[in-house]
Amino acid sequence: MSLPYLPADVMERADWFVRDRLGMFIHWGLYAIPAVGEWVLKFSGLPYEEYRAFAKRFNPVQFDARQWVRIAQDAGMKYMVFTTKHHDGFCMFDNPHTEWKITRTPFGRDVTAELAEACHAAGMKLGFYHSLIDWMHPQYAICDNHPLWGDAKARAEKREHGQYIEYLHNSVRHLLTHYGQVDVLWLDFTPPMKTSEDWGAGELMAMVRKLMPKVLVNDRLDRHSGGNEAPKFPNDLSLAEQVLPSGPMTLQGRRRVWEACVTMNEHWGYAAADRSFKPTRALVRMLARCVGNGGNLLLNVGPDALGRIPKESVERLQQMGAWLGDQGQAIYGAGQEEELTPPPGCIYTRQGRRLFLHVLEWPYMWIRLPGLQGKLKFASLLRDGSKVGTIDWASTGQDVTLALPFDEPDGLDTVIELELG
Ligand code: GLC
């Protein structure tokens with residue numbers, strides 16, 4: 001399937017993005033204290049007062065921006081997207097337009113600034129997640145994903161949502177003018193959206209484009225990701241959340257730059273009791289599947305209230321990093337194969353003349369590759385360069401049969417490089 005891409009300006013902005021392929025999503029905020037995920041205010045019945053009081057004790061003394069960046073880099077990640085504000089409205093940056101922010105906690109430091117500095121110093125691209133929804137702003141129109149939706153008194157209050165829009169725009173302006181280059185602006189709302197007004201999206205986008213022409217903006221300004229209707233406000237990035245698309249993502253017959261965001265366990269924000277971490281093998285394969293369909297993987301971590309990335313995440317990230325160290329050529333700078341169909345249980349990623357066969361279901365001994373007759377010059381294991389022989393008498397029609405080692409060389413994902421003539 002060879003579809004045209006979205007406009008040239010999108011492709012220009014996304015040039016690094018479509019090569020870098022793997023990023024770290026970081027959900028971190030006050031919600032690390034109650035430690036049941038970032039929706040705690042909505043779903044636990046926790047009174048606002050109690051939640052507000054967390055700001056008086058937030059003191060993540062073990063936070064070290066450079067260490068986070070190192071962990072991401074060792075995992076082979078090339079960009080980071082950090083929650084500058086989640087739905088609880090708490091700003092993880094020194095936002096001059098509110099007091100509800102990290103610089104008014106005992107910790108007192110602008111962690112966004114520290115992360116930005118660490119990213120810039122290390123050549124790590126930087127993304128800002130910023131919630132459009134705001135459960136704490138007094139003028140934000142209460143809708144049914146708001147914790148106060150069930151409170152008749154609060155709902156009856158008159159709210160000037162326009163004031164919230166102004167605050168939102170001012171906050172985004174601050175983020176795009178005080179932290180150096182920002183590479184991704186990751187706006188978020190979670191449906192259903194029942195606010196009477198929108199986000200002032202037209203002006204917001206105009207401001208973003210003016211302040212930071214190169215920043216990539218995701219597709220959540222006028223809806224949650226998905227659907228095939230033309231967006232009201234053109235954006236750069238389609239998203240898949242917790243599910244991988246079954247093919248390249250498209251919109252109205254054109255191919256999109258896209259990213260799948262996925263949690264490592266079952267929560268985005270830190271959840272102390274959530275031990276359901278995905279095996280590294282699943283994470284590596286998700287990445288390969290994304291790239292095989294021309295997309296990226298944004299893999300989430302939820303640091304705890306002391307500022308530490310959970311050790312289960314770090315372990316998996318290290319293993320991913322080791323795999324990418326061996327076989328990352330099949331990921332970075334690679335994309336989808338347009339014509340050839342992979343054998344069952346396998347996927348292809350491609351970079352120029354190099355075709356990478358990811359053998360996800362190890363077949364033991366032989367594997368038949370459709371359509372490669374007369375095209376394959378050499379086959380080898382990507383991890384060590386060792387030759388993989390062909391069995392000519394077992395190759396039929398347009399197919400080529402490879403003789404694989406009996407034991408699976410890499411349980412995470414064994415890649416065979418196919419050099420095409
Ligand atoms: C979901 C969650 C939200 C999270 C987002 C990331 O929409 O509800 O909390 O930030 O996913 O895509």
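Right, let's walk through the structure included here.

Conventions adopted
Residues numbered from 1 in each chain as written. Predicted model: local features only at pLDDT ≥ 70, side-chain atom pairs only at ≥ 80, totals over all residues. Heavy atoms only, no water. Pairing = 2+ DSSP bridges. Helix = DSSP H or I, 4+ residues; strand = E, 2+ residues; numbered from the N terminus. Contact = heavy atoms within 4.5 Å. Axes fitted to C-alpha atoms, helices over the stretch in contact; angles between N-to-C directions. Phe/Tyr/Trp six-rings, centres within 6.5 Å; stacked < 30°, edge-to-face > 60°. Buried < 20%, exposed > 50% of the residue type's maximum accessible area, 1.4 Å probe, protein only. Arc of directions from axis to C-beta. Salt bridge = Lys/Arg side-chain N within 4 Å of Asp/Glu carboxyl O. Parallel < 35°, antiparallel > 145°, perpendicular 65-115°, else oblique. Nonpolar A, V, L, I, M, F, W, Y, C, P; charged D, E, K, R; others polar.

### Section: the sheet that holds strand β6 (residues 237–241)
(1) Moving on: A sheet is described by the order of its strands in space; here eight strands give the open sequence β5-β4-β3-β2-β1-β10-β9-β6, paired in parallel fashion. The open sheet terminates on both sides in strands that have one partner only, identified here as β5 (216–217) and β6.
(2) Moving on: Pairing geometry for strand β1 (residues 22–26) and strand β10 (residues 295–301), over five bridges, is parallel. Following the sheet pairing, Met24 is matched in β10 by Leu299.
(3) Moving on: Against the sheet, helix α10 (residues 280–292) contacts β1, β9 (257–262) and β10, and its axis sits at roughly 150° relative to β10.

### Quick notes on the sheet that holds strand β15 (residues 389–390)
(1) Moving on: The strand order across the open sheet formed by three strands is β13-β16-β15, and the pairing between neighbours is antiparallel. Looking at which strands have only one partner, the edges of the open sheet turn out to be β13 (366–369) and β15.
(2) Moving on: Where β15 and strand β16 (residues 400–403) come together, two bridges link them in antiparallel fashion. Paired with Gly389 across the strands is Ala403, a residue of β16.

### As for the packing of aromatic side chains
(1) Moving on: Across all of its chains, the model carries 25 aromatic pairs by this definition.
(2) Moving on: Taking 5.6 Å as the distance between ring centres and 55° as the angle between the ring planes, the aromatic pair formed by Trp28 and Phe58 counts as tilted. Residue Trp28 is found in the loop between β1 and α3 (40–43), and its partner Phe58 is found in the loop between α4 (48–57) and α5 (65–74); the two are separated by 30 residues along the sequence.
(3) Moving on: Accessibility expressed as a relative area gives 0% for Phe58, which makes it buried.

### Let's talk about α5
(1) Moving on: By the burial criterion, the buried members of α5 are Ala65, Trp68, Val69, Ile71 and Ala72. The buried side chains of α5 occupy one side of the element, clustering within an arc of 155° when seen end-on. The outward face of α5, more than 90 degrees from its buried face, is lined by the exposed residues Arg66 and Asp74.
(2) Moving on: Considering only its buried residues, α5 is in contact with β1, β2 (79–85), α6 (111–122) and α11 (311–327).

### Quick word on the pattern of salt bridges
(1) Moving on: Counted under the stated rule, the structure contains 21 salt bridges.
(2) Moving on: The shortest N-O distance in the salt bridge between Arg159 and Glu157 comes to 3.3 Å.
(3) Moving on: According to the relative accessible area criterion, Arg159 is buried, its value standing at 17%.
(4) Moving on: Judged by relative accessible area, which is 43%, Glu157 ranks as partly exposed.
(5) Moving on: Within the structure, one salt-bridge network assembled from shared partners comprises Asp9, Arg13, Arg209 and Asp236.

### Looking at the pairing of β13
(1) Moving on: Residues Ile367 and Leu369 point to one face of β13 and are all buried, whereas Trp366 and Arg368, pointing to the other face, are not buried.
(2) Moving on: By the bridge criterion, four bridges tie β13 to β16 in an arrangement that is antiparallel. Looking at the pairing, Leu369 lines up with Val400 of β16.

### Overview of the packing of helix α8 (residues 161–178) against helix α9 (residues 201–211)
(1) Moving on: Their axes nearest at 10 Å, the elements α8 and α9 cross at an angle of 10°. Relative to α9, the element α8 lies roughly parallel. Where α8 approaches α9, its residues His169, Val172, Arg173, Leu176 and Thr177 are matched on the opposing element by Glu203, Leu204, Met207, Val208 and Leu211.
(2) Moving on: Partitioned by chemical class, the residues of the contact of α8 with α9 number six nonpolar, two polar and two charged.

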